[in-house]
Amino acid sequence: IPPVYSLGREFADNGLAEVFQDGHGYIDETGTFIIEPKFLAAGDFTENGLARVQDKNRLFGYIDETGNYVIPPKFDDAEDFCEGMAIVTYISQNSAGEEEEINGYINEQGEQVTGPMFMDAHDFCNGLAVVEDKNGLYGYVDKQGNYAAEPQFIKADKFAKNGLAAVKDQNG
C-alpha cells in the first residue's frame with residue numbers, strides 16, 4: 001500500500017484499517033476504500049464487528065463493516081465496546097450554566113443500559129465497571145446498570161481476574 005494517508009492504523013481481524021485522507025475511512029489490505037473517508041473521527045472495529053465514528057454534525061454512532069449505521073449518531077462522545085458495553089457521553093448544562101459531560105452505557109443494540117448519570121465511567125472488566133457519581137464518589141455497576149457496590153469510595157480500580165479491586169475510602 002503506497003504511503004498516501006495522513007494516518008493509518010493497524011488492520012483489524014476483519015481485514016479493515018482506519019486511515020485518514022480528507023476524512024476518516026477504512027481500507028482493505030489492497031488499499032481500496034471499503035468505507036469512504038467521510039467521518040470526522042473513527043475508531044477501530046471491535047470484537048463485535050462495530051466501529052465508533054463521528055459524523056459531520058459531530059455526533060458519534062457505530063457502523064458495521066459495510067459502513068452502515070447499526071447505532072445511529074446521537075452521542076456527543078462515545079468509546080469502543082468492551083465486554084458488549086460502550087460508554088457514551090452527553091454534554092448538558094449544569095445549574096450554573098456551565099457545560100458538563102455526563103456518561104452512561106449502551107449495549108450492542110444501542111439500548112441505553114444506564115441513563116446519563118455518571119461524571120466518570122470506565123470500561124467493563126470482568127462484568128463490572130467503575131463509575132463516579134455526582135458527589136465525586138466511586139462505585140461499581142453491572143451490565144444491567146445496577147450498582148454492585150454503591151458509590152462510597154474516593155478512588156476505585158477495576159476488578160482483576162482474581163475478583164479483587166483496590167479501593168480507597170474516606171479513612172484512607
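Residues numbered from 1 in each chain as written. Predicted model: local features only at pLDDT ≥ 70, side-chain atom pairs only at ≥ 80, totals over all residues. Heavy atoms only, no water.

S.K.: Tell me about the packing of aromatic side chains, and name the residues and values.
M.R.: According to the stated counting rule, one finds 7 aromatic pairs in the structure shown. With a centroid separation of 5.0 Å and 70° between ring planes, the pair formed by Tyr105 and Phe124 is classed as edge-to-face. Pair noted here: Tyr105 is in strand S11 (residues 99-107) and Phe124 is in the loop between strand S13 (120-121) and strand S14 (129-132), with a separation of 19 residues, a long-range link. As far as the burial class goes, Tyr105 and Phe124 line up, both buried. Ring pairs connect the aromatic residues Tyr105, Phe118, Phe124 and Tyr147, which therefore count as one cluster. (Phe/Tyr/Trp six-rings, centres within 6.5 Å; stacked < 30°, edge-to-face > 60°. Helix = DSSP H or I, 4+ residues; strand = E, 2+ residues; numbered from the N terminus. Buried < 20%, exposed > 50% of the residue type's maximum accessible area, 1.4 Å probe, protein only.)

S.K.: Talk me through the sheet that holds strand S7 (residues 60-63); I want residue IDs and the actual numbers.
M.R.: Strand order in this open sheet of 4 strands is S5-S6-S7-S8, and the pairing throughout is antiparallel. For this open sheet the edge positions go to strand S5 (41-42) and strand S8 (69-75), each flanked by a neighbour on one side alone. Inspection of the sheet shows S5 paired to strand S6 (residues 51-54) by 2 bridges, in the antiparallel sense. Note on S6: the bridge partner recorded for Ala41 is Gln54. (Pairing = 2+ DSSP bridges.)

S.K.: Which residues make up the pairing of S6, and what values go with them?
M.R.: Along S6, one buried face is formed by Ala51 and Val53 and the opposite face, lined by Arg52 and Gln54, is buried too. Examined bridge by bridge, S6 and S7 share 4 bridges and lie antiparallel to one another. Each bridged residue has a counterpart across the sheet, and for Val53 the counterpart in S7 is Gly61. Between the end of S6 and the start of S7, which pair antiparallel, lie 5 residues, with Arg58 showing a positive phi angle near 70°.

Any functional reading would require information beyond the geometric quantities listed.
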